[in-house]
Amino acid sequence: MQRSAILLTLLVSGSVANPSALAAPESLPIHVRDFLSEHCVDCHDRAEQKGKVMLDFDKIDFSSPTSARLLEQVHRVLEKGEMPPKKKARPPHTQSQSLLAWLDTTLTSKVPPHTVTLRRLNRTEYANTLLNVFGFPYVIPPGFPADTESHGFSNVAEALAVSPPLLDAYSEAATSIADQVFPQPAPPPPPSETVIIPPSQLSRSAAYGPSSLVVDNRMRLALRGVFSETSSFGAKVSGRYRVRFKASAFKPETEEPLILKVTNKEFTIPTEGVVEHELMVTLHPGQGVSFSYANSPNRSVDANAPHDNFREDTLARMKKHPRLLAAWLPLHEPVPGDPNGAIKLKTFEAKGFELLKKAVADAYHAEFEKPDLDLSTATEENARRVIDAMLVDKNPTSFGGLALHHYIVPWVWKYYSEGPGLDIHSVEIEGPIETVENPRYGKARGLQTRLFGMTASKMDPAKHLPGALHKMLSKLFRRPPTPEEAERYMALVRDHQSEGHSLEDALHLAIRTAMVAPQFLYRGGTEATLSPYDLASRLAYFLTLRPPDDALLAAAADGSLSQPATLRAQAERLLGEKTSQDFVESFVRQWLNTRLIPEIMPDPTLGPFTPNTQKALMLEPELLFAELLRENRPISDLIDPDFLHTHSSVGRQMYGLLEMPLSSVKTPFAMSRISIPRGGRNGGILGQAGVMMATANGVDTQPVLRGKWVLENVLGDPPPPPPESVPAITPDTRGSKTIRDLMAAHTQEESCARCHLKIDPLGFALENFDAIGQWRETYPVAGSKKQKNGPPVDASGLLPDGTPIRGVVDLKKYILSDLKPFSRCLTEKLFIYSTGRVPDYAERKQLHVVADNAAKQNAGLRDLLLQLVSSECFRNL
């Protein structure tokens, strides 16, 4: 479908809610005009408009979204006492309360609910929906346009616009998937032919040496666990092919025959002589024939994680081939001061990982070829020393730090000269002898049955087509189609057939059309209250990132889902599903910004930062949130729990938990749950290294960024954007000024000072965490390549209400002393994420009731979420 046609379909089908016509402006009450005139318009008249706020007016259109936002802003700053500014005369309390009461009544009764566009599926929801409908994963291609974020989330309706490139991407995805449901007919089979595969086209290299090697015009296999393929041959059609090959043994160690596995059949190769074999194989387009030495005594070696018996296998090989050991010994030197006589590789001049490996390999080959190589040194004791040197872990906090990397290339290559091995002399493939069905056609029949209830070949259009299209549209639209929709698709199929196309082609068109229809790409509704099916979609995408399952759809069909008790019960059920982990990951990473961690390049002078570190830092807050949700632990545990989840190396490095064992390269990645005392610096979202790293840049801490993050994501009091005329703070690279000095100069600007009084104390309270979240007591010395202690960190500050704090411990206590702001913030974040829109004033009042009750009782996180789901505002459009 062309882009213009898709866009027309979206618009005609009502993908965007129509805003109500603007009403005539109404006059403000006299007491409101007098208050604004006396206390506000000096700074917010038409000429000044400080903070881009203009309050110099006598009439206002209450139906305008702009007016609603303005009145909400006035209510917020007046209620918090932020306006008028401290230096201005304070209005009498009775006047302020009178204006707040008028604003509350007006925003609740006169201002209409926020107009919300229907919410498009974001990338994750789109891919999950395709998996649910068709049963196979759809991999989002690299060029697929990214989602735009709003209010910290990638699923907010106002940011999920449909651009021309996105329309193209949707169209291409629809065609690609429809092609799998109705693939093109198989082409006629080509004539049978015989292809001769030279040994050079059977060899394939691997990271640590070849999996096979051409020697004397023969392909030699030596390692168990690897295979080589006919890289120059790929079947043109699905069929049966005849394979002939000649093979022989190379330097067998015993009288037992060698076993050669060709694709999926094994052949015995005698220890002497060349044998010829033939077999029939079934191949599909692009497939070749593979060869492997199935019973080789020598296993392939992974230098990152050698197999469990590597030490014993290597020792046995050195005993069997002393020359291999004797060639290694001259490349080693004693480890200084080691009482056990340990040795290590000598220092080579080569710089760079790959060049160093090549230098070691060249030196080893030179030693191995010496005619006077001293074999008397090849003792078992020396063999154990060399193996110990191979397995030295040079980076115990990371993966892939074994010295074995420098030994592996010559070690693997020598298998091909020392044996045992298998030689493939020749290979020829003939075919196709006969054709067989391509698996994609069997898969297509299964997809048709899944989508339509039967295959197209068995479908009688007059009898089956209405039901088939109803089933397909119900899956794609996540609800039964309306009679008008069903008739539209019936007409589409019939018209296409009347133009001379087959039923398969017409159904292909129906799939493509439905996949770019707003009923598939969007979710929501057109009424103030969601329909049961739209409510089912909201709940399912909220808690699973997937479309509603059969149980939810059944509750929607019988109308029971509209009852709060049923809705809550369904939410409980979904929280028990494994798919709820996707909700935890998605929400936490966006709420706490930890999704940014992979994009941050840490300063190497701050300490080790490995893939395991990154993985652990992202998992820690997710495991915390998941445990609170699963066990219904109190929401205060998000701030100050008595446990944390971390990785062993991260626990030692970031949190000073020295009792945690060091992990090794052989230890699988694992997170541990550690008990900690409450009231400390560790634990909770304000004591997790990943959150601290996400609010810095990997090099420097940024108190303003962290303070703003706390206001937005913990206290629910986001500051306004900075004035455009004020430049950002520039770090002092010479280190002559502390961050406090720079901030003090910056906040001399009157336009900056008010906001920084709120931001800076919160940001400085977290200054003991460096740019990757490690605890520190002092700042580093600027310009030093290694960490050197500089001036002490000063994490003290004075909050706007006069409360002094001295760091993160005091900040946690302050938040816990009145849990309402955090509870309100968390509830509103969950609301925005679950509904895809920002609450209006009336809805925010409902959410505050839910949040305040939760804070008063220190309710469990699960109870808070379920109370949100049961609320009226969750059920509204």
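Note that the coordinates shown come from a computational prediction; the quantities given were computed from them, not determined experimentally.

A separate point is the sheet that holds strand β9 (residues 228–229). Adjacent strands of a sheet form backbone hydrogen bonds with each other and so pair up, either parallel or antiparallel. The strand order across the open sheet built from 4 strands is β9-β14-β11-β12, with neighbouring strands paired in antiparallel fashion. With partners counted over all chains shown, the strands left at the sheet margins are β9 and β12 (265–269), one partner each. Examined bridge by bridge, β9 and strand β14 (residues 290–293) share 2 bridges and lie antiparallel to one another. Along β14, the bridge assignment pairs E229 with S290.

This brings us to the packing of helix α21 (residues 564–575) against helix α32 (residues 861–870). A packed helix pair is summarised by two numbers, namely the angle formed by the two axes and the spacing between the axes. Their axes nearest at 9 Å, the elements α21 and α32 cross at an angle of 135 degrees. Of the possible angle classes, the one that applies to α21 and α32 is oblique. Note on packing geometry: the crossing formed by α21 with α32 is right-handed. Contact residues: α21 offers P564, L567, R568, A571, E572 and L575, while α32 offers R862, D863, L865, L866, Q867, V869 and S870. Each residue belonging to the contact of α21 with α32 can be placed in one class, and the counts come to 7 nonpolar, 2 polar and 4 charged.

Turning next to helix α24 (residues 648–655). Here α24 lies mainly inside the structure; 6 of its 8 residues are buried. The complete set of buried residues in α24 reads S648, S649, V650, G651, M654 and Y655. Where α24 is buried, its residues contact α23 (611–631), β19 (643–647) and α25 (689–694). Where α24 terminates, the next one or two residues include G656, which has phi positive at roughly 70 degrees.

Along the chain, the position of E418 falls in helix α13 (residues 415–418). In this structure E418 is buried but unpaired, with K251 as the nearest side chain of opposite charge at 5.1 Å. Among all residues touching E418, those that are not within four sequence positions of it are K251, R317, H321, L324 and F368.

As paired elements, strand β4 (residues 193–197) and strand β17 (residues 421–435) share 5 bridges and run antiparallel to each other. Bridge assignment links I197 to a residue of β17, and that residue is V427. Looking at chain direction, strand β8 (residues 218–221) and β17 are connected through 3 bridges and run antiparallel. Within the sheet, the bridge partner assigned to R220 lies in β17 and is D423. Bridge analysis of strand β10 (residues 239–250) against β17 gives 11 bridges, and the strand direction is antiparallel. Residue K246 lies in a different strand from β17, and its bridge partner there is S426.

Thresholds applied
Residues numbered from 1 in each chain as written. Predicted model: local features only at pLDDT ≥ 70, side-chain atom pairs only at ≥ 80, totals over all residues. Heavy atoms only, no water. Pairing = 2+ DSSP bridges. Helix = DSSP H or I, 4+ residues; strand = E, 2+ residues; numbered from the N terminus. Axes fitted to C-alpha atoms, helices over the stretch in contact; angles between N-to-C directions. Parallel < 35°, antiparallel > 145°, perpendicular 65-115°, else oblique. Left-handed = near helix turned anticlockwise from the far one by under 90°. Contact = heavy atoms within 4.5 Å. Nonpolar A, V, L, I, M, F, W, Y, C, P; charged D, E, K, R; others polar. Buried < 20%, exposed > 50% of the residue type's maximum accessible area, 1.4 Å probe, protein only. Lys, Arg positive; Asp, Glu negative; His and termini not counted. Salt bridge = Lys/Arg side-chain N within 4 Å of Asp/Glu carboxyl O.

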